[in-house]
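Tertiary structure, described
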Amino acid sequence: MSENKKVKVGVFGAGRGGTMMKYCGYADNAELVAICDWDEPSLHCHDDKNVALYTDFDEFLKHDGLDAVVLANYANEHAPYAMKAMRAGKHVISEVLPFKHLKEGIELIETVEETGMIYAYAENYCYMPAPHEIRELFKNGTLGEFEYAEGEYMHNCEDIWDRITYGIPEHWRNTMSAAYYCTHSIGPMIHIASAIGHKPVKVTGFEGPYTSRMARMGALAGHMAMIVITLENGAILKSIHGVGPSAHSIWYSCYGANGRAESGRDGTGCGTDTVYLAIDGKEVEKYQPKDPLAEHAAQFGHGGSDFFTMYNFCEKILGREAEIIDIYETCDMFVPGLLAYESILEGGMPKDVPNFRNKEERDAYRNNTACPFPEFAGDMLQPSYSKGNPDVDPAIYAKQREAYGRERKYRH
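Heads up: these notes are all about the structure in this document. (Residues numbered from 1 in each chain as written. Predicted model: local features only at pLDDT ≥ 70, side-chain atom pairs only at ≥ 80, totals over all residues. Heavy atoms only, no water.)

Before going further, it helps to spend a moment on the sheet that holds strand E14 (residues 285-287). Reading across the sheet, the nine strands line up as E14-E13-E12-E11-E7-E10-E9-E8-E15 and stay open at both edges, with mixed pairing between neighbours. The sheet terminates laterally at E14 and strand E15 (351-352), the two strands that pair on one side only. Here strand E9 (residues 225-231) pairs with strand E10 (residues 236-242) via six bridges, running antiparallel. Its bridge partner lying in E10, isoleucine 229 is registered against leucine 237. Sitting on the sheet, helix H9 (residues 183-194) is in contact with strand E7 (146-154), strand E8 (200-207), E9, E10 and strand E11 (249-256), with an inclination near 155 degrees to E7. (Pairing = 2+ DSSP bridges. Helix = DSSP H or I, 4+ residues; strand = E, 2+ residues; numbered from the N terminus. Contact = heavy atoms within 4.5 Å. Axes fitted to C-alpha atoms, helices over the stretch in contact; angles between N-to-C directions.)

Here's what the structure looks like:
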């Protein structure tokens, strides 16, 4: 591609995909040319005559000149569409999460390898100002050898549950395990560690109880999970995440041989724009890191991180230097979550984390379809809650459908 050419982007998923559409309308390295969504009311909210609208994904992939596809559809259905797009010669950026089980993950890796297309994982929390700055502090040696890290993504979703599950009992958010939605907490720590060459080798999982809040939501899992990961160099990561805690928290803290760096924390999920740097023998320094592109990113969601996922993806396609999360690092972030739930089901037994860069390590997992999604698990179906799925009053879902219907009518 020429130096000044824009990447022609198609977005699959008109809801979450709205952020990526906004990026294409703003940036000088991307152009939105097509949108695909099965839901026509959502699709027809977009009335730009220069953008083609599709309800069929196969037809969408045939759009003339389409270079790249954004996957912003259901989180447990990204991989099949990613593989189809790459086989059709399109680069792919996938919203979280990358795949639903290990068998599919291996198929996705091998599709990337076979096609040579660019695959990027849009774990936007890696690009928030504080965790991204901590990554730089390890890369430039300020913090020394990586020793320990904690990450939290605690998100009380009760007040938005009807808007994100639509009152569908089988929705993936209702049936996922507590360990599944893990890369907002694990991802930034792995992105930091991977910058200095460290990969995960072992994981142990712990599950919080099924609470009254989860029951009111109609979700089937424990309200949170804790995942403990050991890296190759012996360093330990602790991840806590969940959709049913009593309060919000997004927070990262990393220890090196020379000191500690962490994000701000005020109990509301904010603070990821501030770093507290404690180098041995020095006073704690508090500052807000500024990326050269921060002014552009400020208009975008999740602390500006939504800008950086798309910016780096498009720069990579255009052959310029870019910081993407490739398929192997994606697995380093996500596979520990899948294996942590196996650990939980086995009473907290540690599990080895394979390095899927090595083809010989894939074979043991090639037929592993273990997941809590009945339509995909085959004979390896896991319960959503380790102690057995709870019974949910159907009236909860009916009430959510009614609420979602009112909101939807108002929006459209």
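Anyway, onward from the coordinates.
Burial of E7 is extensive: seven of the nine residues sit out of reach of the surface. Across eight bridges, E7 lies against E11 in antiparallel orientation. Opposite glutamate 152, over in E11, you have tryptophan 251 as the bridge partner. Direction of pairing for E7 relative to E10: parallel, over a ladder of seven bridges. Among the inter-strand pairings, glutamate 150 is bridged to a residue of E10, identified as lysine 238. (Buried < 20%, exposed > 50% of the residue type's maximum accessible area, 1.4 Å probe, protein only.)

Before going further, it helps to examine the packing of aromatic side chains. Scanning the entire structure with this criterion turns up 22 aromatic pairs. Their ring planes at 75 degrees and their centres at 4.8 Å tell us that phenylalanine 57 and tyrosine 81 sit as a pair that is edge-to-face. Pair noted here: phenylalanine 57 is in helix H3 (residues 57-61) and tyrosine 81 is in helix H4 (residues 78-87), with a separation of 24 residues, a long-range link. The buried category is assigned to phenylalanine 57, whose relative accessible area is 7%. (Phe/Tyr/Trp six-rings, centres within 6.5 Å; stacked < 30°, edge-to-face > 60°.)

The biggest cluster of nonpolar side chains holds 124 residues, and the ones touching the most others in it are Phe60, Leu108, Tyr119, Phe146 and Met310. The element contributing the most residues to this core is helix H13 (residues 327-345), with ten residues. Leaving out residues up to four positions away in the same chain, phenylalanine 60 has contacts with Gly10, Val11, Phe12, Ala34, Ile35, Cys36, Tyr54, Leu66 and Val69. (Core = buried A, V, L, I, M, F, W, Y, C linked by side-chain atoms within 4.5 Å.)

Turning to helix H6 (residues 129-139), a few remarks are in order. For H6, the buried fraction is high: eight of the eleven residues fall into the buried class. Every buried residue of H6 is listed here: Ala130, Pro131, His132, Glu133, Ile134, Arg135, Leu137 and Phe138. Check the buried side of H6 and you find it contacts E7, H9, E11, strand E12 (259-263), strand E13 (275-279) and E14. Note on H6: the residue one or two positions beyond its end, glycine 141, has a positive phi of about 85 degrees.

Let us now look at the packing of H6 against H9. In a pair of packed helices, the angle between the axes and the distance between the axes together describe the arrangement. The geometry of H6 relative to H9 is characterised by a closest axis approach of 8 Å and an angle of 20 degrees between their N-to-C directions. In terms of their interaxial angle, H6 and H9 are classed as roughly parallel. Crossing of H6 against H9: the hand is right-handed. Of H9, the residues touching H6 (which contributes Pro131, Ile134, Arg135 and Phe138) are Pro188, His191 and Ile192. For the contact of H6 with H9, a count of residues per class yields five nonpolar, one polar and one charged. (Parallel < 35°, antiparallel > 145°, perpendicular 65-115°, else oblique. Left-handed = near helix turned anticlockwise from the far one by under 90°. Nonpolar A, V, L, I, M, F, W, Y, C, P; charged D, E, K, R; others polar.)

Here we take up the packing of helix H5 (residues 102-115) against H13. At their nearest, the axes of H5 and H13 sit 11 Å apart, and the two run at 170 degrees to each other. Considered as vectors, H5 and H13 are oriented roughly antiparallel to each other. The residues of H13 that touch H5, namely those facing Leu102, Leu108, Ile109, Val112 and Glu113, are Ile327, Tyr328, Cys331, Val335, Leu338, Leu339 and Glu342. Taken together, the residues that form the contact of H5 with H13 break down as ten nonpolar, no polar and two charged.

A word on the pairing of E12. Burial within E12 is extensive, with four of its five residues counted as buried. The sheet contact formed by E11 and E12 spans four bridges and is antiparallel. Within E12, the residue paired with serine 253 across the bridge is glutamate 262. Between E11 and E12, which pair antiparallel one after the other, the connecting turn spans two residues. Sheet analysis places E12 next to E13, joined by five bridges and oriented antiparallel. For arginine 260, the partnering residue across the bridge sits in E13 and is alanine 278.

Everything listed is a geometric property; what it means functionally is a separate question.
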